[in-house]
Amino acid sequence: VIKFDAYPEQKREWIERLKQAAPNNSLADYLSAADHLKQGRTEDAMSAFLTAASKTGFDDYTIHTIQSAEEMYTMAGRSPAEAKAIAGFQMQLPHLKQLRDLGKEMAKMQKQSQAAGDSDRAREMAATGLQMGRQMSMGEGGSYLINQLVGIAIERNVLDALDPGAENSFLGRSLEELQRELTDQKDEIAALVKSVNLDQMSEQEMTAYVDRMKLHGEFASMKWFRDRQANR
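Since the structure is predicted, the reported quantities are computational estimates derived from the model, not experimental observations.

Moving on, we get to helix α4 (residues 62-75). Counted at 1.5 Å a residue, the expected span for α4 with its 14 residues is 20 Å, and the 20 Å between its end C-alpha atoms agrees. By the burial criterion, the buried members of α4 are Thr62, Ile66, Ala69 and Glu70. Here the buried residues of α4 occupy an arc of 105° about the axis, which is enough to place them on one side. Of the surrounding elements, those touching the buried residues of α4 are α5 (80-89) and α10 (203-216). Backbone geometry just downstream of α4 places glycine 77 in the positive-phi region, at approximately 105°.

Next comes the structure, spelled out in structure tokens:
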């Protein structure tokens with residue numbers, strides 16, 4: 001309901017329900033922040049964004065949705081491989097745009113805090129923005145490559161908003177090193193996609209691929225199929 005904005009006039013109510021049902025899921029707070037921003041409630045958005053930093057969980061329920069869709073298509077008479085292909089490759093992820101836009105807006109507010117001399121708030125927002133990006137690019141939210149790319153973009157926006165001349169010790173490494181790391185991650189994804197032709201999968205491989213994707217994510221599954229192709 002929240003992802004597809006099915007009941008826009010009730011969106012705040014549904015977000016609050018999600019926050020109550022999954023109190024350690026930071027996604028609920030990110031979506032809350034995005035909704036507050038859309039409604040012009042800047043301070044509420046900032047509060048929700050920073051609240052997310054206290055939570056370690058991040059679940060966009062993609063894996064659960066794939067499994068449910070797969071079961072539904074199987075019950076409708078599709079073959080196991082066909083059900084897995086439809087469920088795994090036609091998954092819609094509308095929440096990614098909300099998170100991407102939230103990352104952009106928070107990076108702007110991070111810059112504004114820096115310009116206003118509120119360096120503590122700027123660092124706090126930067127740390128939270130990096131956490132959100134990493135949860136998607138390397139963590140629980142990185143089931144699909146598109147999730148990882150959105151996460152990388154969010155991290156990039158945060159790093160680009162930092163003053164390169166400042167100390168930035170909270171990063172743990174140099175700003176330039178982290179920026180290079182993001183570029184390397186993006187390049188690695190692009191190279192992997194270019195090296196794999198999923199159209200060459202057999203039904204058995206399709207079944208194994210989607211099962212692996214649910215367990216290990218799309219990146220690891222694509223590497224598995226690439227290596228399998230190379231060994232034929």
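For the coordinates displayed, the defined rule picks out four aromatic pairs. Relative to phenylalanine 49, the ring of tyrosine 30 lies with its centre 6.1 Å away and its plane at 55°, an arrangement referred to as tilted. In this pair, tyrosine 30 sits in helix α2 (residues 26-38) while phenylalanine 49 sits in helix α3 (residues 42-51), placing the two residues 19 residues apart along the sequence. A relative accessible area of 0% places tyrosine 30 in the buried class. When the ring of phenylalanine 89 is compared with that of tyrosine 209, the centres are 5.7 Å apart and the planes differ by 15°; the resulting orientation is stacked. With phenylalanine 89 in helix α5 and tyrosine 209 in helix α10, the pair connects residues that are 120 residues apart, well separated along the chain. What links up through ring pairs into an aromatic cluster is the set Tyr30, Phe49 and Phe58. The ring of tryptophan 14 has arginine 17 lying over it, and the distance from NZ or CZ to the ring centre is 4.4 Å.

Secondary-structure assignment places glycine 139 in the loop between α7 (119-137) and α8 (145-161). Overall, the relative accessible area of 36% leaves glycine 139 in the partly exposed class.

Direction vectors running N to C along α10 and helix α11 (residues 218-230) enclose 145°, while the axes themselves pass 7 Å from each other. Note on packing geometry: the crossing formed by α10 with α11 is right-handed. Of α11, the residues touching α10 (which contributes Glu205, Ala208, Tyr209, Arg212, Met213 and His216) are Glu218, Ala220, Ser221, Met222, Trp224, Phe225 and Arg228. Among the residues forming the contact of α10 with α11, the class breakdown is seven nonpolar, two polar and four charged.

With respect to the element layout, histidine 36 can be found in helix α2. The class of histidine 36 is buried, set by a relative accessible area of 11%. A distance of 3.3 Å separates the side chain of histidine 36 from the side chain of arginine 12, its partner in a polar contact. Those residues in contact with histidine 36 that sit more than four places away from it in its chain are Arg12, Arg41, Asp44, Ala45 and Ala48.

In this section: the packing of α7 against α8. Where α7 meets α8, the axes come as close as 7 Å, and the angle between the chain directions of the two elements is 160°. The orientation of α7 with respect to α8, classified from their angle, is roughly antiparallel. The element α7 and its partner α8 pack so that their crossing is left-handed. Here Ala126, Gly129, Leu130, Met132, Gly133, Arg134, Met136 and Ser137 of α7 lie close against α8, whose contacting residues are Asn147, Gln148, Val150, Gly151, Ile152, Ile154, Glu155, Val158 and Leu159.

Parameters and conventions
- Residues numbered from 1 in each chain as written.
- Predicted model: local features only at pLDDT ≥ 70, side-chain atom pairs only at ≥ 80, totals over all residues.
- Heavy atoms only, no water.
- Helix = DSSP H or I, 4+ residues; strand = E, 2+ residues; numbered from the N terminus.
- Expected span 1.5 Å × (residues − 1).
- Buried < 20%, exposed > 50% of the residue type's maximum accessible area, 1.4 Å probe, protein only.
- Arc of directions from axis to C-beta.
- Contact = heavy atoms within 4.5 Å.
- Phe/Tyr/Trp six-rings, centres within 6.5 Å; stacked < 30°, edge-to-face > 60°.
- Lys NZ or Arg CZ within 6 Å of the ring centre and 35° of its normal.
- Axes fitted to C-alpha atoms, helices over the stretch in contact; angles between N-to-C directions.
- Left-handed = near helix turned anticlockwise from the far one by under 90°.
- Nonpolar A, V, L, I, M, F, W, Y, C, P; charged D, E, K, R; others polar.
- Polar contact = N/O pair within 3.5 Å; in protein donor to acceptor, adjacent residues only side chain to side chain.
- Parallel < 35°, antiparallel > 145°, perpendicular 65-115°, else oblique.

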